[in-house]
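The primary structure of each chain is shown beneath.
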Amino acid sequence: MVNSGGFELGADMVVSRPNAYPFRTILAGHVLFALLVTCGAVWMSLLSFGLSTSAVAWSCAAILLPVAACEPARRSSPPPSFGAANRITLVRGCLVAWVAAFVASEGTTHQATWVAGAASLALAMDGLDGFVARRTNSESEYGGQFDMEFDSVLMLVLCWLAFTWEQAGLWV
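Conventions used here
Residues numbered from 1 in each chain as written. Predicted model: local features only at pLDDT ≥ 70, side-chain atom pairs only at ≥ 80, totals over all residues. Heavy atoms only, no water. Salt bridge = Lys/Arg side-chain N within 4 Å of Asp/Glu carboxyl O. Helix = DSSP H or I, 4+ residues; strand = E, 2+ residues; numbered from the N terminus. Buried < 20%, exposed > 50% of the residue type's maximum accessible area, 1.4 Å probe, protein only. Expected span 1.5 Å × (residues − 1). Contact = heavy atoms within 4.5 Å. Patch = residues over 30% accessible without salt bridge, like charges linked within 9 Å, V, L, I, M, F, W, Y side chains within 5 Å. Areas by Shrake-Rupley, 256 points an atom, 1.4 Å probe, with all protein chains shown as cover. Phe/Tyr/Trp six-rings, centres within 6.5 Å; stacked < 30°, edge-to-face > 60°. Polar contact = N/O pair within 3.5 Å; in protein donor to acceptor, adjacent residues only side chain to side chain. Core = buried A, V, L, I, M, F, W, Y, C linked by side-chain atoms within 4.5 Å.

(A) Highlighting the pattern of salt bridges. Counted by the stated rule, this structure contains 6 salt bridges. We note a salt bridge from R92 to D126, for which the minimum N-O separation is 3.5 Å. With R92 in helix 4 (residues 84-100) and D126 in helix 5 (residues 109-135), this pair connects stretches of sequence that are 34 residues apart. Taking the relative accessible area as the measure of exposure, D126 reaches 24% and is therefore partly exposed. Between R92 and D151 there is a salt bridge; the shortest N-O distance is 2.8 Å. On the criterion of sequence distance, the pair formed by R92 in helix 4 and D151 in helix 6 (residues 141-164) is long-range, its members being 59 residues apart. Residues participating in the shared-partner salt-bridge network are R92, D126, D129, D147 and D151.

Following this line, the structure appears as structure tokens:
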């Protein structure tokens, strides 16, 4: 500000510092890595489980939709880092995405056994991310939303599989 005989010329300039932690970039890298791992796992499962080629698309959607649904939470209150709890949630998301690859499958006993095992592991890991977030003092609105979105996708996929594999009626 320049003071010229009793009045000031100019304006206060607020210099904003860019965020020191590029969360968006780090999130994109983690999601890309999760997509590559999941697509690789699904691709290797195509022959052994008799999956259709659409399985890769279903598994990618099962990762990308929850991440996109969390975008408002990320923008409104960006977390300080993509900590261990969010990484655990993303690993669980890879399991959910692998289960989602079976959406267009026949529902053989072999498939159902592996889906039940992967879904059980994903459900068991559900409490782990919250525990780690509380222990490391890294709880965030984004992390909670991230966790809930993958929970929702897993429940949706399991209900769809129960219906299409004729293990439950339309009431599911």
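Additional details are given in the paragraphs that follow.
(B) Structural context of helix 6. Under the 1.5 Å per step criterion, the end-to-end length of helix 6 is 35 Å for 24 residues, consistent within 8% with the ideal 34 Å. All buried positions along helix 6 are accounted for by Y142, G143, F146, D147, E149, F150, V153, L154, V157 and L161. Of the surrounding elements, those touching the buried residues of helix 6 are helix 1 (23-49), helix 2 (54-69), helix 3 (71-76), helix 4 and helix 5. Of the residues flanking the end of helix 6, it is E166, one or two places downstream, whose phi is positive at about 55°.

(C) Structural view of helix 5. With 27 residues, helix 5 extends 40 Å from end C-alpha to end C-alpha; this agrees with the ideal 39 Å at 1.5 Å per step. By the burial criterion, the buried members of helix 5 are Q111, V115, A118, A119, A122, M125, D129, G130, V132 and A133. Structurally, helix 5 contributes buried residues whose contacts are with helix 1, helix 4 and helix 6. Two residues or fewer past helix 5, N137 is found with a positive phi of approximately 55°.

(D) Representation of a nonpolar patch on the surface within the structure. Taken together, the side chains of W160, F163 and L170 present a nonpolar region at the surface, about 350 Å² in accessible area. Looking at where F163 falls in the secondary structure, it is placed in helix 6. Residue classification places F163 among the partly exposed residues on the basis of a relative accessible area of 34%.

(E) Structural context of the packing of aromatic side chains. Tallied over the entire structure, the rule returns 10 aromatic pairs. Ring plane angle 80° and centroid distance 5.3 Å describe the contact between F23 and Y142, whose orientation is recorded as edge-to-face. Within this pair, whereas F23 is found in helix 1, its partner Y142 is found in helix 6, the two being separated by 119 residues in sequence. Given a relative accessible area of 0%, Y142 falls into the buried group. Between F82 and F146, the ring centres sit 6.1 Å apart and the planes meet at 70°, which makes this aromatic pair edge-to-face. A residue pair is termed long-range when its members are at least 10 positions apart, and F82 in the loop between helix 3 and helix 4 and F146 in helix 6 qualify at 64 residues. Taking the relative accessible area as the measure of exposure, F82 reaches 1% and is therefore buried.

(F) Layout of the side chain of R92. Accessibility expressed as a relative area gives 0% for R92, which makes it buried. Here the side chain of R92 touches D151 through a polar contact of 2.8 Å, side chain to side chain. Not counting residues up to four positions away in its chain, the partners in contact with R92 are A122, M125, D126, D129, D147, F150 and D151.

(G) Spatial organisation of the nonpolar core. One finds F102 and F146 to be the most contacted residues of the largest nonpolar core, which totals 46 residues. For this core, the elements supplying multiple residues, two or more each, are helix 1, helix 2, helix 4, helix 5 and helix 6. By residue number, the principal contributor to this core is helix 4, which donates 10 residues. Setting aside anything within four residues of it in sequence, one finds F146 in contact with V67, C70, F82, N86, T89 and L90.

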